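Inside the fold
Okay, here's what each chain looks like letter by letter:
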Amino acid sequence: MSIRRMTLGSGYRYLMSSVARGDAAGRTGSPLSSYYAEPGTPPGQFLGSGLAGLDDGRGMDLGSIVSEEHLWRMLGMLQDPATGHPLGRAPGAERTAYLDALNRPRKAPKMVAGFDLTFSAPKSVSVAWGLADEVTRQRIYAAHVAATEFVIGYAERTVFATRTGRGGVVSEDVRGVVAAAFDHWDSRSGDPQLHTHIVVVNRAQAVSDGGWRTLDSKTLFRAAVGLSELYNGVLADLVTADLGYGWEPEQRRHSPAEKWEVAGVGEALRAEFSQRTTEIDAAKDALVAHFVAAHGREPTAREVLQMRQRATLETRPDKELRPLGQLIAGWRGRAESFIEGEPVAWVAGLAGRNDLPLLRADDLAPGMLDEAARVSLEVVSGKRSTFTRANVFAEALRQIQGVRFASPQDRAVVAEGIAALGLDRAVALTPPEVGYVPDELRRADGTSRFRPRDSEQYTTQALLDAEERLLAAGRAADAPVVDEARAADVCAKDLPGRGHPLSAEQSTAVCRVASSGRALDVLVGPAGAGKSTAMAGVRAVWESRFGPRSVVGLAPSAAAADVLAEAVGVPTENTAKWLAEAARQPTRLAELEGVKVALDRASPSLRTRSLARRARQLSAEVDRWGLRAGQLVIVDEASMVGTHELDSLTAYARSAGAKVLLVGDWAQLSAVAAGGAFKLLATDRTDPPSLLDVRRFRHEWERDASLRLRTGAKGAAAEYARRGRVRGGDRDTMLDELFANWTDDITAGRRSLMVAADTATVADLNRRARAQRVAEGAVTGAGITLADGTVIGIGDVVVTRQNQRDLGSSTTWVKNGDQWVVDAVADDGALTVRRQTGGGVACLPAEYVSAHVELGYATTAHRAQGRTVDTAHAFVTSNTMREPLYVMATRGRESNILYVDTMYDPDAGTSHQDPDVLDPVVVLDRVLEQSGADLSATEVRAKEAAAVSSPARLAAEGAAVSAAHRARRYPQVHGMRAPNREL
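Fair warning: this is a prediction, and the values are worked out from it, not measured in the lab.

As a further point, take the sheet that holds strand β30 (residues 841-844). Strands sit in the order β30-β29-β28-β25-β31 across an open sheet of 5 strands; the sheet is antiparallel. The sheet terminates laterally at β30 and β31 (853-855), the two strands that pair on one side only. Taking the axes of each pair of neighbouring strands and ignoring which way they run, one obtains an average angle of 40° across the sheet. In this structure, strand β29 (residues 831-835) lies alongside β30, joined through 4 bridges in antiparallel fashion. Across the sheet, Arg834 pairs through a bridge with Val841, a residue of β30.

Below is the structure:
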């Protein structure tokens, strides 16, 4: 399920434009044969318990047809669709225009009129539906309808709410929502994609007084993942109950969460019906071939860009509505080469594959529920330092996705029970209500309406304990030190291998770290501030006192560890590997002691030689994976290391008498695991060792601008636009321009990066790069095809995505993030690759290639952090967070250009019109307001306590209590309606 905000007066025409104009019946009472020969989709139908409050209380019928006038009244005027009367406070005049930071006139943001909740069936379900006979197609469709309606009803009871009182301090339950459901058959590119747009009007009646008010969007978005998982599970249950379909889990390439697809609907067939990008590339390749034939030369990068833009337009499906029968005929033709036999018979063969019982809620033993709760909490708390009930509920639904239930309610009840058991194991960070809450301000279940549902923050005791230990280590002053005079003397000299001394700022930071005596120290610096040079200085100072091999380097990934090794010149390892090996030290020491005892008693023999070799091997491993007194452990990119990892590492160091130094920037990307510890430690001190002088950028203005970008300062985006660093347009245009400019840089001999925050965009850029290189003859067109349809051939640049120490090259082993060039492709799918830089050849077996190899022309923000190049080209959408934007905008020395998608859609496949066009600076401003950094549980607990006890909140709650008392003392006169206004 995806969510789109729908602004006042727009976004409704596309829903009506696809509706069939004939007399076909509606959504729930007619077989799909009504639309088999008629162009278009069924008319929208009213949905939601809130319908009872329409038409001046007379209500509207569930399932009644939505006319264009109805939809305009709801989304254009926020009016009752039956009477035209305002639903609550009528929309006021448009907010006034304003001048932006570039002194350009801008329209004010439009009011949100509704929310488009799009429920899209899994691709395997849509494929089966699209190829099936009429009866089967109707049964799958009916299951989809029932699943969407159940989820909306569930959300009405547990999610949808409104806010009243001063500052919206009171969270009000609603009587239901007013919604309209519109069914569609295909994706924007014409592939089978059964989906329903459920448009929920941004007005609902509060249970307390019946007043119409706006919905609480924060609560809705917080619950979105759980509602999506609930829909998927309920749909699977209903399809299985009716048709006997089986389900198979599949591992995602970029997520540990499994996805479930209908058993028997293969990945190749599903990929065939997700071919928009491939279609564009094929059309572009044809245009390139025609150009070569006509001009006798290869087109330039700019000419290729123009051809691709032409191909995008020429392959875009026309706006003409097509009958479902025509769509089905085309789908069946495309499917024939991927299946055995005739499509209808093939779909019939999917039935009856389920061998699981359909369970009731009480069929699951308490022990099973408790184990599911333990795992759910473990998964959620492993990914984030703090969480809400909504997070645990969504994970509980994932844990039971492979279980089949007898009814939708059984699934919901079990998931709720698992979530409740999980939260029983958690620690609440939001303080309990301490003030008086009258009955009028409590829900039916007794909870306070001063708290929005599922807004309370939780963590685990284990994480709180880890943070407390880290804070204690950061305050402890019993670690080894280097006296300030010695440190200053070393800092004044040229660094080994660099030919220059540290700057004054770097020297100060290095001396403070070396002489502090803190067991756990920090060094904070923004992007480009010279942290690598400072770390080299720390090494020189430390070794001057404690000797060679007294500095150990760690980083959150093997590739980052290589960068650290090059910068500092010490042996390095990735943090997870080091901790895993350190945990084996007791076993090694015990074995080593046993070997030594055996050697003491042994006489010369072959066995004795073998024991001696083993003793030397164990001694080397103990030395490599252990720490000793006086050592310094430098952890680079420390903001990306999880809290539990830092806690374990610090414990090892303290027990050995060593010191830990965390180096990084809390304003950059957070750990994939529960994190926030680096910022916690840095802000626990009033003046931590820091570097503020940004040195990376060639242009002086960019040094200050990058610091403002780092903190999300107002006007930061406008500065980049003033300097010509911002481009704006639709997604395809921006990716084309980004790729063309990157190509120009590469051709000019510059080191350049294409970077995006999400893997889907990286894949799009990779496909563009490969197609261009094939056209130039630098890469073979043929090669191996991965599961996602990506082709890899000789000459391609690829990236390995998993550490594999037994896959060695002539220089080192295969690491996550390593870039290679393909030298050979074997018949079984194996690749022979050589490192793009540094030399070394490796043979990657087919199993590794299919699961862990991707094209490597573009990169994600996470893989880009820590890298420095000449130029960077970054793709940005309104969904990007501040931290990835900052990373992407600070990789290049000479320039960093931001390509902004000004027409972003969260689910382009189910979009049927182009979204509103935004100014790129407006998009960037919104991005800078959105922080995705993981906060420590300690920081969140403090924020929650401050929020609950803030004077403004206490005053608002007091006013709400007084209002409740007045309402009780002076009840409204019988027969008079409550004033239709917001408190």
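What follows covers the sheet that holds strand β8 (residues 179-186). The 5 strands lie next to each other as β1-β5-β9-β8-β2, forming an open sheet whose pairing is antiparallel. The strands lining the two open edges of the sheet, one partner per strand, are β1 (2-7) and β2 (45-47). The sheet shows a mean angle of 30° between the axes of neighbouring strands, taken without regard to direction. For β1 and strand β5 (residues 112-120), the ladder comprises 6 bridges, and the chain directions are antiparallel. Paired with Ser2 across the two strands is Thr118, which belongs to β5. Those strands touched by helix α2 (residues 68-76) are β1, β2, β5, β8 and β9 (192-201), and its axis lies near 115° from that of β5. Against the sheet, helix α9 (residues 324-335) touches β8 and β9, its axis set at about 40° to β8.

Even without glycine at this site, Asp454 takes up a positive phi of about 60°. Tracing the sequence through the fold places Asp454 in the loop between β14 (427-428) and β15 (458-459). What makes Asp454 buried here is its relative accessible area of 18%. Even without glycine at this site, Glu637 takes up a positive phi of about 50°.

Viewed as axis vectors pointing N to C, helix α4 (residues 134-158) and helix α13 (residues 408-424) meet at an angle of 40°, and their least axial separation amounts to 11 Å. Our classification of the angle between α4 and α13 gives oblique. In terms of crossing hand, the pair formed by α4 and α13 is right-handed. For the pair α4 and α13, contact is made by Phe150, Tyr154, Arg157 and Thr158 and by Pro408, Gln409, Ala412 and Glu416, respectively. Taken together, the residues of the contact of α4 with α13 sort by class into 4 nonpolar, 2 polar and 2 charged.

Here we take up the packing of helix α3 (residues 123-131) against α9. When two helices pack together, their arrangement is given by the angle between their axes and by how far apart the axes lie. With their axes 9 Å apart at the nearest point, α3 and α9 run at an angle of 110° to one another. The orientation of α3 with respect to α9, classified from their angle, is roughly perpendicular. α9 is crossed by α3, and the crossing has left-handed handedness. Of the residues in α9, those touching α3 at Trp129, Gly130 and Leu131 are Leu324, Ile328, Trp331, Arg332 and Ala335. Tallied by class, residues from the contact of α3 with α9 come to 6 nonpolar, 1 polar and 1 charged.

Here the focus is the side chain of Thr118. Tracing the chain through its elements places Thr118 in strand β5. In terms of polar contacts, Thr118 uses its side chain to reach the side chain of His197, at 3.1 Å.

Here we take up the pairing of β29. Of the two faces of β29, the one lined by Leu831, Val833 and Arg835 is fully buried and the one lined by Thr832 and Arg834 carries no buried residue. With 5 bridges connecting them, strand β28 (residues 819-825) and β29 associate as antiparallel partners. The partner of Trp820 across the bridge, within β29, is Arg835. In sequence, β28 turns back onto β29 through a hairpin of 5 residues, with Gly829 there showing a positive phi of about 100°. Hairpin connection, β29 to β30: the antiparallel pair is bridged by 5 residues, and Gly838 has positive phi, about 90°.

This next bit is on helix α31 (residues 920-929). Note: α-helices contain 3.6 residues per turn, so residues at a spacing of three or four share the same orientation. The buried fraction of α31 is high, at 7 of 10 residues. Turning to α31, its buried residues are Pro920, Val921, Val922, Val923, Leu924, Val927 and Leu928. The N-capping residue of α31, defined by a side-chain oxygen 2.9 Å from the backbone nitrogen of Val921, is Asp919.

Turning our attention to the side chain of Glu172. Within the fold, Glu172 resides in strand β7 (residues 170-173). Using a relative accessible area of 6% as the deciding quantity, one classes Glu172 as buried. At 2.8 Å, the side chain of Glu172 and the side chain of Ser208 are in polar contact. Other than its neighbours up to four places away in sequence, Glu172 contacts Ala161, Thr162, Thr164, Ala206, Ser208 and Arg449.

In total, this model carries 11 aromatic pairs according to the counting rule given. An angle of 35° between the planes, with centres 5.7 Å apart, marks the rings of Trp129 and Trp185 as tilted. Of this pair, Trp129 sits in helix α3 while Trp185 sits in strand β8, and the two are 56 residues apart along the sequence. Of the two residues, Trp129 and Trp185, neither departs from the other in class, the shared state being buried. Counting every residue linked through ring pairs, the aromatic cluster contains Trp129, Tyr141, Trp185 and Trp331. Seen from the ring of Phe546, Arg545 lies directly overhead, with NZ or CZ sitting 4.5 Å from the centre. Over the ring of Trp813 we find Lys815, and its NZ or CZ is 4.4 Å from the ring centre.

Let us now look at the pattern of salt bridges. Opposite charge on two side chains lets them pair, provided their charged atoms get close. Per the counting criterion, the structure on display carries 64 salt bridges. Note that Asp410 and Arg360 form a salt bridge whose closest N and O atoms lie 3.1 Å from each other. You can see Asp410 sitting in helix α13 and its partner Arg360 sitting in the loop between α10 (343-348) and α11 (366-383), a full 50 residues away along the chain. Note that Asp823 and Arg834 form a salt bridge whose closest N and O atoms lie 2.8 Å from each other. Linking Asp823 in strand β28 with Arg834 in strand β29, this pair joins segments that are 11 residues apart in sequence.

The next subject is the nonpolar core. Inside soluble globular proteins, nonpolar side chains tend to come together where they are buried. Grouped together as the largest cluster of nonpolar side chains are 85 residues, with contacts concentrated most on Leu117, Phe160, Trp185, Tyr245 and Trp331. When residues in this core are grouped by element, the largest group, 11 residues, is from helix α5 (residues 217-243). For Trp331, the residues in contact, after removing those within four places along its chain, are Trp129, Gly130, Leu131, Trp185, Asp186, Gly190, Asp191, Pro192, Phe273 and Leu324. Counting 34 residues, the second largest nonpolar core, distinct from the first, contains Leu735, Ala842, Tyr848 and Tyr857.

Bringing the confidence of the model for the protein into the picture now. In this model, the protein carries an average pLDDT of 89, and 90% of its residues clear a pLDDT of 70 or more. Put simply, strand β3 (residues 98-99) is where the protein has its lowest mean pLDDT, 60, and β15 is where it has its highest, 98. For residues 23-29, every residue scores under 50 in pLDDT, and the model assigns this stretch 21 contacts once sequence neighbours within four places are set aside. Ignoring residues within four places in sequence, the model shows residues 973-983, a span with pLDDT below 50, making 14 contacts including any to other chains.

Attention shifts here to the environment of Leu350. With respect to the helices and strands, Leu350 occurs in the loop between α10 and α11. What makes Leu350 buried here is its relative accessible area of 0%. Along the chain, Leu350 and Arg213 lie 137 residues apart, while their C-alpha atoms are 47 Å from each other. Dropping the residues within four chain positions of it, Leu350 is found in contact with Ala128, Gly244, Tyr245, Val262, Ala263, Gly264 and Val265.

Quick look at helix α14 (residues 461-475) now. A rise of 1.5 Å per residue sets the reference length of α14, with its 15 residues, at 21 Å; its end C-alpha atoms lie 21 Å apart and thus fit the reference within 8%. By the burial criterion, the buried members of α14 are Leu463, Leu464, Ala466, Glu467, Leu470, Leu471, Ala473 and Gly474.

Walk down a regular strand and you will see the side chains alternate between the two sheet faces. For strand β34 (residues 892-901), the tally of buried residues reaches 8 of 10 residues, placing the bulk of the element in the interior. Pairing analysis gives 4 bridges linking strand β21 (residues 726-729) to β34, with the strands arranged parallel. From the neighbouring strand, Gly729 faces β34, where its bridge partner is Asp901. The pairing of strand β33 (residues 869-876) with β34 spans 7 bridges and is parallel. Note that in β34 the partner of Thr871 across the bridge is Ser895. Between β33 and its parallel partner β34, the chain crosses via helix α30 (residues 882-888), and the hand of that crossover is right-handed.

It is worth spelling out the environment of Ser850 at this point. Tracing the backbone through its elements, the reader meets Ser850 in helix α28 (residues 846-852). The spacing of Ser850 and Ala651 is 199 residues in sequence and 39 Å in space, taken between C-alpha atoms.

Parameters and conventions
Along each chain, residues carry numbers from 1 onward, in the same order as the chain's sequence is written. Confidence filtering applies because this is a predicted model: local features only for residues at pLDDT of at least 70, side-chain atom pairs given and counted only at 80 or more, and all residues used for totals across whole chains, interfaces and linings. As a rule here, side-chain values cover all heavy atoms of the structure and leave hydrogens and water aside. Here a strand pair is declared whenever DSSP counts at least two bridges between the two strands. Secondary structure elements follow DSSP: runs of H or I no shorter than four residues count as helices, runs of E no shorter than two count as strands, and numbering proceeds from the N terminus. The convention used is that axes are lines fitted to C-alpha atoms, helices contributing only their stretch in contact, and that angles between N-to-C directions extend from 0 to 180 degrees. Contacts are residue-level and defined by heavy atoms, with any inter-residue pair within 4.5 Å sufficient. Note on exposure labels: buried denotes an accessible area under 20% of the residue type's maximum, exposed denotes more than 50%, and partly exposed covers the range between, all computed with a 1.4 Å probe on protein chains only. Angle categories are assigned with fixed cut-offs, so that under 35 degrees is roughly parallel, over 145 is roughly antiparallel, 65 to 115 is roughly perpendicular, and the rest are oblique. In this scheme the crossing of two helices becomes right-handed for a clockwise turn of the near helix relative to the far one and left-handed for an anticlockwise turn of less than a right angle. As a working rule, the residues Ala, Val, Leu, Ile, Met, Phe, Trp, Tyr, Cys and Pro are called nonpolar, Asp, Glu, Lys and Arg charged, and the rest polar, with Gly in that last group. Residues adjacent in sequence count toward polar contacts only when both atoms are side-chain atoms; beyond that, a polar contact is any pair of N or O atoms within 3.5 Å, and within protein one must be able to donate a hydrogen and the other to accept it. When two rings of Phe, Tyr or Trp (its six-membered ring) have centres within 6.5 Å they constitute a pair, described as stacked for plane angles under 30 degrees, edge-to-face for angles over 60, and tilted for the intermediate range. Should the NZ of a Lys or the CZ of an Arg lie within 6 Å of a ring centre and within 35 degrees of the ring normal, that charge is described as sitting over the ring. Salt bridges, as used here, are contacts in which a Lys or Arg side-chain nitrogen is within 4 Å of a carboxyl oxygen on Asp or Glu. What we call a nonpolar core is a set of buried Ala, Val, Leu, Ile, Met, Phe, Trp, Tyr and Cys residues that are connected through their side-chain atoms within 4.5 Å. As a per-residue measure, pLDDT reflects the predictor's confidence and takes values from 0 up to 100. One fewer than the residue count of a helix, multiplied by 1.5 Å, yields its expected span. Call a crossover right-handed when, viewed with both strands pointing away from you, the route from the first strand across the helix to the second goes clockwise.

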